[in-house]
2 protein chains.
Amino acid sequence: MVRLKDIAERVGVSVMTVSRVLRESPDISEKTRARVLAAAKELGYVPDATARGLRTGKTRLWGLVVPGIDEPAGAALASSVEAKAFAEKFELFIADSRGDPEKEREAVYRILSRRVEGIVLAPAGGAETLQSVCNLVGKQPIHLAVVSAEIPDPRPGAAFVEIVFDDAMEALARRLHTLGHQRLGILKTGAWMAEPLAAAARRAAEAAGLAAREETAKEMRPEPAEIARAAERLCLREPKCSALLAVDDLAALQAGTALERQGLKVSKGVSVASCGGTVWTEFAKPALSAIRIPWREAADEAAGLLRAMLEEEAKPSLRRIRAEFIERESLGAPSTG
Amino acid sequence: MVRLKDIAERVGVSVMTVSRVLRESPDISEKTRARVLAAAKELGYVPDATARGLRTGKTRLWGLVVPGIDEPAGAALASSVEAKAFAEKFELFIADSRGDPEKEREAVYRILSRRVEGIVLAPAGGAETLQSVCNLVGKQPIHLAVVSAEIPDPRPGAAFVEIVFDDAMEALARRLHTLGHQRLGILKTGAWMAEPLAAAARRAAEAAGLAAREETAKEMRPEPAEIARAAERLCLREPKCSALLAVDDLAALQAGTALERQGLKVSKGVSVASCGGTVWTEFAKPALSAIRIPWREAADEAAGLLRAMLEEEAKPSLRRIRAEFIERESLGAPSTG
DNA sequence: TTGTAAGCGTTATCAT
DNA sequence: ATGATAACGCTTACAA
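None of these values were measured; they are calculated from a predicted model. (Residues numbered from 1 in each chain as written. Chains lettered and ligands numbered in written order. Predicted model: local features only at pLDDT ≥ 70, side-chain atom pairs only at ≥ 80, totals over all residues. Heavy atoms only, no water.)

(A) Layout of the overall build of chain A. Scanning chain A for helices and strands turns up 13 helices and 13 strands. Taken along its principal axes, the extent of the C-alpha atoms in chain A is 90 × 40 × 30 Å. A burial count over chain A gives 56% of its 337 residues as buried. Within chain A, residue pairs in contact and separated by at least 24 positions form 73% of the contacts whose partners lie at least 6 positions apart. Of the roughly 14,100 Å² that chain A leaves accessible, carbon and sulfur atoms contribute 48%. In chain A, 48 positive and 47 negative side-chain charges are present, and the distance between their average locations comes to 4 Å. (Helix = DSSP H or I, 4+ residues; strand = E, 2+ residues; numbered from the N terminus. Buried < 20%, exposed > 50% of the residue type's maximum accessible area, 1.4 Å probe, protein only. Contact = heavy atoms within 4.5 Å. Areas by Shrake-Rupley, 256 points an atom, 1.4 Å probe, with all protein chains shown as cover. Lys, Arg positive; Asp, Glu negative; His and termini not counted. Charge placed at Lys NZ, Arg CZ, Asp CG, Glu CD.)

Here it is in structure tokens:
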């Protein structure tokens, strides 16, 4: 590995001179600059950002911890944060908690030990387990931005980006009610934010005068057959639901397919909606995605907060971002009878 | 930030003693061990892996560079490599080249400057631009594992995981021929590995006695309307293709939808196939995914190679992984006439 | 314009 | 069983 010292010896100057040249400091004669640059190139010098960080105290490192980086939502988050990091000349650690709070804790700890300047966290657990991670990070002189639908009260010392589902869910429930639906089936999985989504759906259904039933598949990405069974329990068994809301697009896609196999026709007879908002789902099956979740906006906001906190002494803040209801073809009137 | 020194002063021992306790070295009296541990906990000590890495020369850091981390294939890769890294107690940098060889070069350089011990690269460009990145990395004392369908010849000094499409494509082409198809439309996008996939499809079509036509959308993830136009050009304009192969599932999904809107029925009349093999696409639309690309296997292999290279002095190796043809419902006989 | 000395937090090595 | 010293590669502070 080539060090400054190697270049210095080669050129016959001090290490400091080389360091200055490479950092483009002024006060360097054109002659030495050229010779140093040439030697650096010739030797294939790659600066050691690790050593620089140790000396300066600035590592230009960020960390991101998500539950499920290969889930559409997690991938959207990763993409947004990575883009910001790259543009700002930060390197980004990514760790996947896989929905496990224990793994999340370990990931955060390990990332802390790398002396990152900030962490974006998409929490795996609920508000309780989040507290403990916030405490851990709070003791370190770094910044934390949490993207979540459940904000602990009182708020720990971190920047929060809260994703709010209520307005969108209420709009959806009202729309379904207007179309003539009386009972909403909620299909929950172990996907990120599934529980807050389901809770918002329940609240909205009640407010709109819809009865609601819920079926749960615990895995983050359940077997298609399991989703099919849940969908059938909701829409084929008494009391039958004429409308189905799945907490994510892929589950909705499966559920819709399953119901059509059973002879129900989506949009006529049974309405199917889902919560989505990633490049992938928007692209693949926009018809179902009635609740658009602003994953990218949330991630951009979180990354923006980290960057902002670098400069100003930003106080722990709370930023709300709202999901929105989008009218889709998969929503229709219930079959009569 | 708490340092070993702080603990040492607190307990009244030397820094080395503290270091030893924290690294669980033997030859430490139970008494001091307990006191050091207590102080470390009390002060909220988090070790500085950066400084450790500087001193030991072992950073336990890996890097991953992909084109499109929010694409199904990129996300699958990230997930696999992250899992291996986490299990092996490595931290993982992730950078997204977004299909741009220039960005890829910068990402690799920046990751090198973090003194990672290994890099997994999913190259953005073809074999030519890959060479230059391999040269850059080759000068450093670290390991490189490349996941690609195009291996440069002669092979640069790196471990290669080659994804091979030919067998699967040939099986697909033969099947289509048997079903009575005479002309295959190939729908290419700017997705990762699109060009090698299309090339393999062309070769396979020719070998099976199918004529082939190709339409290209340059973006990695083109507008649905653009895909629809391309699909229509292939299947509605003379010489009409009775079978369509898209280089990725999402494009196929869009294409299928577009063709059905035009009155063609997928699996009767027009056959639609795609190249997939990620959790998302398998889950959402298995019907279309006739070429299963072993993304995860490839990523696991690449991560495994990195790990192996840590221990033994592994030579630059080449490992082939084959895509497989899977019979799907979306394949049927062409409409007669 | 260039050089010298010291130190960032840790561990290898040798000493006690 | 514990401590002292130096060094990893770099940059800040000061001197020449």
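(B) Representation of the relation of the copies chain B and chain A within the structure. Note on the copies: chain B fits chain A at an RMSD of 0.1 Å, the axial shift is 0.0 Å, and the rotation between them is 180°. The superposition operator between the copies reduces to a two-fold rotation axis. Looking at the rotation axis and the C-alpha trace of chain B, the residue lying nearest is phenylalanine 93 of chain B, at 2.2 Å. With an isologous cut-off of 70% or more, the 98% of interface residues of chain B that recur at the interface of chain A puts this contact in the isologous class. (Least-squares fit on C-alpha atoms with pLDDT ≥ 70 in both.)

(C) Looking closely at helix α10 (residues 224-236) of chain B. Residue and element names in this part refer to chain B. A rise of 1.5 Å per residue sets the reference length of α10, with its 13 residues, at 18 Å; its end C-alpha atoms lie 17 Å apart and thus fit the reference within 8%. Within α10, burial applies to Ile227, Ala228, Ala230, Ala231, Leu234 and Cys235. Down the axis of α10, the buried side of the element spans an arc of 165°, and every buried residue falls inside it. (Expected span 1.5 Å × (residues − 1). Arc of directions from axis to C-beta.)

(D) Inspection of helix α1 (residues 4-11) of chain A at higher detail. Residues and elements named next belong to chain A. Listing the buried residues of α1 in full gives Ile7, Ala8 and Val11. The arc that holds the buried residues of α1, viewed along the axis, is 100°, so those residues lie on one side. Buried residues along α1 sit against α2 (15-22) and α3 (30-43). Glycine 12, located one to two residues past α1, shows a positive phi value of around 85°.

(E) Local environment of the protein's contact with DNA strand C. The environment of DNA strand C is made up of 24 residues, and the closest members are Thr17, Arg20 and Arg55 of chain A together with Tyr45 and Arg52 of chain B. For DNA strand C, the backbone portion of the atoms within 4 Å of the protein, that is sugar and phosphate, comes to 64%. Measuring from a phosphate oxygen of DNA strand C, one finds a backbone N or O atom of serine 14 of chain A at 2.8 Å. Side-chain polar atom of arginine 23 of chain B to a phosphate oxygen of DNA strand C: 3.2 Å apart, as the coordinates give it. With 4 residues, helix α4 (residues 49-56) of chain B is the largest single contributor of residues to the surface near DNA strand C. Class assignment of the residues belonging to the surface near DNA strand C gives a composition of 10 nonpolar, 6 polar and 8 charged. (Near = heavy atom within 4 Å. Polar contact = N/O pair within 3.5 Å; in protein donor to acceptor, adjacent residues only side chain to side chain. Nonpolar A, V, L, I, M, F, W, Y, C, P; charged D, E, K, R; others polar.)

(F) Inspection of the state of the cysteines at higher detail. Tallied over the full model, the rule gives 0 disulfides over all chains. Cysteine 275 of chain A takes part in no disulfide bond, and the closest cysteine sulfur, belonging to cysteine 235 of chain A, lies 15 Å away. There is no disulfide at cysteine 241 of chain B, and the cysteine sulfur nearest it, in cysteine 235 of chain B, is 5.8 Å away. (Disulfide = S-S within 2.5 Å.)

(G) Geometry of the pattern of salt bridges. Within this structure, the stated rule accounts for 54 salt bridges over all chains. The closest approach of N and O atoms between arginine 320 of chain A and glutamate 162 of chain A, which form a salt bridge, is 3.0 Å. Of the two residues, arginine 320 of chain A is situated in strand β12 (residues 318-322) and glutamate 162 of chain A in strand β5 (residues 159-164); the sequence distance between them amounts to 158 residues. Each of Lys89 and Glu91 of chain A together with Glu106, Arg110 and Arg114 of chain B takes part in one network of salt bridges that share partners. (Salt bridge = Lys/Arg side-chain N within 4 Å of Asp/Glu carboxyl O.)

(H) Inspection of the side chain of threonine 278 of chain B at higher detail. Turning to its location among the elements, threonine 278 of chain B is positioned in the loop between β10 (269-276) and α12 (279-284). In this structure, threonine 278 of chain B is in contact with Pro72, Ala73, Ala76, Phe283 and Trp295 of chain B, ignoring residues within four places of it in sequence.

(I) Here's a closer look at the packing of aromatic side chains. Counting across every chain of the model gives 5 aromatic pairs over all chains. Between phenylalanine 93 of chain A and phenylalanine 93 of chain B the ring centres are 4.2 Å apart and the planes differ by 20°, which places this aromatic pair in the stacked class. Pair noted here: phenylalanine 93 of chain A is in strand β2 (residues 91-96) and phenylalanine 93 of chain B is in strand β2 (residues 91-96), and the two residues belong to different chains. The class for phenylalanine 93 of chain A is buried, based on a relative accessible area of 2%. Residues tryptophan 62 of chain B and phenylalanine 90 of chain B carry aromatic rings whose centres are separated by 4.6 Å and whose planes lie at 25° to one another, so their mutual orientation is stacked. Taken as a pair, tryptophan 62 of chain B in strand β1 (residues 61-66) and phenylalanine 90 of chain B in the loop between α5 (72-87) and β2 lie far apart in primary sequence, 28 residues in all. (Phe/Tyr/Trp six-rings, centres within 6.5 Å; stacked < 30°, edge-to-face > 60°.)

(J) Expanded view of the nonpolar core. Residues Phe165 and Met169 of chain A together with Phe165 and Met169 of chain B are the most contacted members of the largest nonpolar core, which totals 120 residues. Apart from residues lying up to four places away in sequence, methionine 169 of chain B is in contact with Leu197, Ala200, Ala201, Ala204, Leu245, Cys275 and Ile291 of chain B. Counting 46 residues, the second largest nonpolar core, distinct from the first, contains Phe86, Leu121 and Val137 of chain A together with Leu144 of chain B. (Core = buried A, V, L, I, M, F, W, Y, C linked by side-chain atoms within 4.5 Å.)

(K) The arrangement of the protein's contact with DNA strand D in detail. Lining the immediate surroundings of DNA strand D are 23 residues, of which Tyr45 and Arg55 of chain A together with Ser14, Thr17 and Arg20 of chain B lie closest. A breakdown of the atoms of DNA strand D within 4 Å of the protein gives sugar and phosphate a share of 64%. Within the side chain of arginine 3 of chain A, an N or O atom sits 3.5 Å from a phosphate oxygen of DNA strand D. Interatomic distance of 3.0 Å between a backbone N/O atom of serine 29 of chain B and a phosphate oxygen of DNA strand D. For the surface near DNA strand D, the leading source of residues is helix α4 (residues 49-56) of chain A, giving 4 residues.

(L) Structural view of the interface of chain B and chain A. Taken residue by residue, the interface counts 59 residues in chain B and 60 residues in chain A. With both sides pooled, the region where chain B packs onto chain A buries about 5,700 Å², and carbon together with sulfur makes up 60% of that total. The interface formed by chain B and chain A includes 12 salt bridges. A salt bridge links lysine 89 of chain A to glutamate 106 of chain B; its shortest N-O distance comes to 3.2 Å. Our enumeration of links across chain B and chain A arrives at 30 residue pairs in polar contact (both at pLDDT 80 or more). Looking at the side of chain B that touches chain A, the element that brings in the most residues is α5 of chain B, giving 8 residues. Its residues assigned to classes, the side of chain B that touches chain A comprises 35 nonpolar, 8 polar and 16 charged. (Buried area = accessible area lost by both parts, 1.4 Å probe.)

(M) Spatial organisation of the pairing of strand β11 (residues 289-292) of chain A. All names here are of chain A. When strand β10 (residues 269-276) meets β11, the two strands line up parallel, connected through 3 bridges. Considered in β11, the bridge of serine 274 is made with serine 289. With 2 bridges connecting them, β11 and strand β13 (residues 324-325) associate as antiparallel partners. Paired with arginine 292 across the strands is glutamate 324, a residue of β13. (Pairing = 2+ DSSP bridges.)

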